[in-house]
Amino acid sequence: MSDDRQQRLEVRLAETEDEILASQKLRYKVFYEERGAKPSAEMAAAERDFDHYDPLCDHLLVIDHNRGQGPDGVVGTYRLLRQSVANQHGGFYSADEYHIQSMLDAAQGNGEIMELGRSCVEEAYRTMPTLQLLWQGIAAYVFKYDIKLMFGCASFHGTDPDAFGDVLTYLHHNHLAPEEMRPRAVEGRYEPMARTTIDAIDARQALRDLPPLIKGYLRLGGFVGDGAVVDHQFNTTDICIVLPTEKVTDRYYKHYERTARVS
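It should be emphasised that the depicted structure is a prediction, and the values quoted were computed from it without experimental measurement.

A. Spotlight on the environment of Leu176. Turning to its location among the elements, Leu176 is positioned in the loop between helix H7 (165–174) and strand E7 (184–185). A relative accessible area of 24% places Leu176 in the partly exposed class. With residues up to four places along the chain from it excluded, the contact list for Leu176 reads Leu171, Arg182, Phe223, Val224, Gly225 and Asp226.

B. Here's a closer look at the layout of surface pockets. Volume-wise, the largest pocket comes out at about 1,100 Å³. Among the elements of the structure, helix H2 (17–34), strand E3 (74–82), strand E5 (112–121), helix H6 (128–145), strand E6 (147–157), helix H9 (212–219) and strand E10 (236–244) are those that each provide at least two residues to the lining of the largest pocket. A total of six residues in the lining of the largest pocket trace back to one element, the largest contributor, which is E5.

C. Seen up close, H7. Taken together, the buried positions of H7 are Gly165, Val167, Leu168, Thr169, Tyr170 and Leu171. Those residues of H7 that are buried are in contact with E6, helix H8 (203–208), H9, strand E8 (223–224) and E10.

Cut-offs applied
- Residues numbered from 1 in each chain as written.
- Predicted model: local features only at pLDDT ≥ 70, side-chain atom pairs only at ≥ 80, totals over all residues.
- Heavy atoms only, no water.
- Helix = DSSP H or I, 4+ residues; strand = E, 2+ residues; numbered from the N terminus.
- Buried < 20%, exposed > 50% of the residue type's maximum accessible area, 1.4 Å probe, protein only.
- Contact = heavy atoms within 4.5 Å.
- 1 Å grid on protein atoms, 1.4 Å probe; cavity = no way out; pocket = protein on both sides within 12 Å on 5 of 7 lines; lining within 4 Å.
- Points joined across faces, edges and corners; volume = space filled by probe spheres on them.

Structure, rendered in structure tokens:
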């Protein structure tokens, strides 16, 4: 990515319905066309990924102004759902895959809780600067709404957990969330993450094999829940990430603290 292009990237929340539609089209391109997810007939006809949670969420966007203004420039997206909103509309969507009540109870009274999901970036923009820009946007959102805990599902591409056995084993033995706030995959969908003993894997190689998004969560102090879930619609094997925001890197938080004071 050229320096000129990088300077023209902006991260902000979607402000119009057309920008949300653009984020859904990007999700369709990445999840369905690129990674083999199975769309409904309605999604395929519209070439958009959507569900009933979209109207409830805020949609974080990366926009390349070289490509166009607003919806024409959307090259990255994240979907954000706060508990104060979710509670009014039936709860979080991760509850379809994980028991999360103990985590919510453990965090109760300590500030807002936020679910992260539907993260994707257009192929040509999958660079560290783009990911950092998304995290800067998340950090600003965290600061604005006093969010103390973030969580959500992160994915491996494919539906055979044994294909990621060493990595899942590494995560289970090294990054399991504290018991009192540990999500657990729902019965009937639970896949053990400890596919073998920790001594049987090359931990360094497992760390290298982690998808960049999951590796990024771990660098920010994230934990994983108990058990993986195979999602045949999205052609993925999912794990649950738990990320206390107090562990988000100081450079993001302090930057937005200073910004808030100035404004």
